[in-house]
Amino acid sequence: MKFATVEDTQNFGRRLAGILRAGDLLLLTGPLGAGKTALVQGIGAGLGVQGPITSPTFVIARVHKGPLPMVHADAYRLGARPDPRAEIDDLDLDASADDAVTVVEWGAGLVEQLNDEYLRVRIDRLDDDTRVIDLVPHGGDWAQRLESL
């Protein structure tokens, strides 16, 4: 899927939020500036969470309250330990996993163990600033849910 603007990416996030439910894990990958946080802003708006959504790079994780809460984490700065998965474990993301949608930027290879069923979202930005988003379902009923998009 291709999106010409940041607003288009956010609008897609709102649509994606419509198929999400408590316990879902989304793993966002892509280079710096690709639009991961813009997508999360749209997801948060679609879920009706409270407050602004900004990149949690320096705080690592934020919980956004709402009818369906969202945990937004950024693993970009993790990795100071020999096993960065230990840092993920220290965040206790699994503590709220059943009650919220968990979205992790830069978590490839680190957070997949949180849930056997997750959605990998790959975002790339082309030279003309178009965003290309690929959705890769892993387990569960993700493939069926994605058909409605």
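Because the structure is predicted, anything quoted here is derived from the model rather than measured. (Residues numbered from 1 in each chain as written. Predicted model: local features only at pLDDT ≥ 70, side-chain atom pairs only at ≥ 80, totals over all residues. Heavy atoms only, no water.)

Looking at the overall build of the protein chain
- Check the secondary structure of the protein chain and you find four helices and seven strands.
- Along the protein chain, from the amino end to the carboxyl end, the secondary structure elements read β-α-β-α-β-β-α-β-β-β-α.
- A burial count over the protein chain gives 46% of its 149 residues as buried.
- In the protein chain, the proportion of contacts linking residues at least 24 apart, taken out of those at least 6 apart, comes to 60%. (Helix = DSSP H or I, 4+ residues; strand = E, 2+ residues; numbered from the N terminus. Buried < 20%, exposed > 50% of the residue type's maximum accessible area, 1.4 Å probe, protein only. Contact = heavy atoms within 4.5 Å.)

Quick notes on the packing of aromatic side chains
- Here the structure, examined in full by the defined rule, presents one aromatic pair.
- Ring geometry for Phe3 versus Phe12: centroids 5.0 Å apart, planes at 35°, classification tilted.
- Taking relative accessible area as the criterion, Phe3 reaches 10% and is therefore assigned buried.
- Positioned above the aromatic ring of Trp142, the side-chain terminus of Arg145 is 4.0 Å from the ring centre. (Phe/Tyr/Trp six-rings, centres within 6.5 Å; stacked < 30°, edge-to-face > 60°. Lys NZ or Arg CZ within 6 Å of the ring centre and 35° of its normal.)

Some details on the packing of helix H1 (residues 6-17) against helix H2 (residues 36-47)
- With their axes 6 Å apart at the nearest point, H1 and H2 run at an angle of 45° to one another. Our classification of the angle between H1 and H2 gives oblique. Of the two possible hands of crossing, H1 and H2 adopt the one that is right-handed. Contacts from Val6, Thr9, Gln10, Phe12, Gly13, Arg14, Leu16 and Ala17 in H1 reach Ala38, Leu39, Gln41, Gly42, Ile43, Ala45, Gly46 and Leu47 in H2. (Axes fitted to C-alpha atoms, helices over the stretch in contact; angles between N-to-C directions. Parallel < 35°, antiparallel > 145°, perpendicular 65-115°, else oblique. Left-handed = near helix turned anticlockwise from the far one by under 90°.)

Considering H2
- With 12 residues, H2 ought to run about 16 Å at 1.5 Å a step, and its terminal C-alpha atoms sit 17 Å apart, in line with that.
- Of the positions making up H2, those classed as buried are Lys36, Thr37, Ala38, Leu39, Val40, Gly42, Ile43, Gly44 and Leu47.
- Against H1, strand E2 (25-29), strand E4 (70-74), strand E5 (101-105), strand E6 (118-125) and strand E7 (131-138) lie the buried residues of H2.
- In the stretch just after H2, Gly48 is the one whose phi turns positive, near 80°. (Expected span 1.5 Å × (residues − 1).)

A short note on the confidence of the model for the protein chain
- Per-residue confidence for the protein chain gives a mean pLDDT of 83, with 75% of residues at or over 70.
- A low-confidence stretch, residues 86-92 stays under pLDDT 50, and its non-local contacts, those more than four residues away or across chains, total 15 contacts. (pLDDT = per-residue confidence, 0-100.)

Quick notes on the pairing of E7
- Across two bridges, strand E1 (residues 2-3) lies against E7 in antiparallel orientation. Looking at E7, one finds that Lys2 is bridged to Val132.
- Bridge count between E6 and E7: eight bridges; the pairing is antiparallel. Counted as the bridge partner of Ile123 is Ile133 from E7.
- Linkage of E6 to E7, two consecutive antiparallel strands, is achieved through a turn of five residues, within which Asp129 is found at a positive phi near 75°. (Pairing = 2+ DSSP bridges.)

Remarks on the nonpolar core
- Core analysis: the largest hydrophobic core is formed by 26 residues, its most contacted members being Leu26, Ile43, Leu47 and Val121.
- Contributions of two or more residues to this core are made by H1, E2, H2, E5, E6, E7 and helix H4 (142-146).
- Tallying contributions element by element places H2 first for this core, with four residues.
- Discounting residues that sit within four places of it in the chain, Ile43 has contacts with Gly13, Arg14, Leu16, Ala17, Leu20, Leu26 and Met70.
- By size, the runner-up hydrophobic cluster in this structure holds five residues, among which are Leu25, Ala73, Val104 and Tyr118. (Core = buried A, V, L, I, M, F, W, Y, C linked by side-chain atoms within 4.5 Å.)

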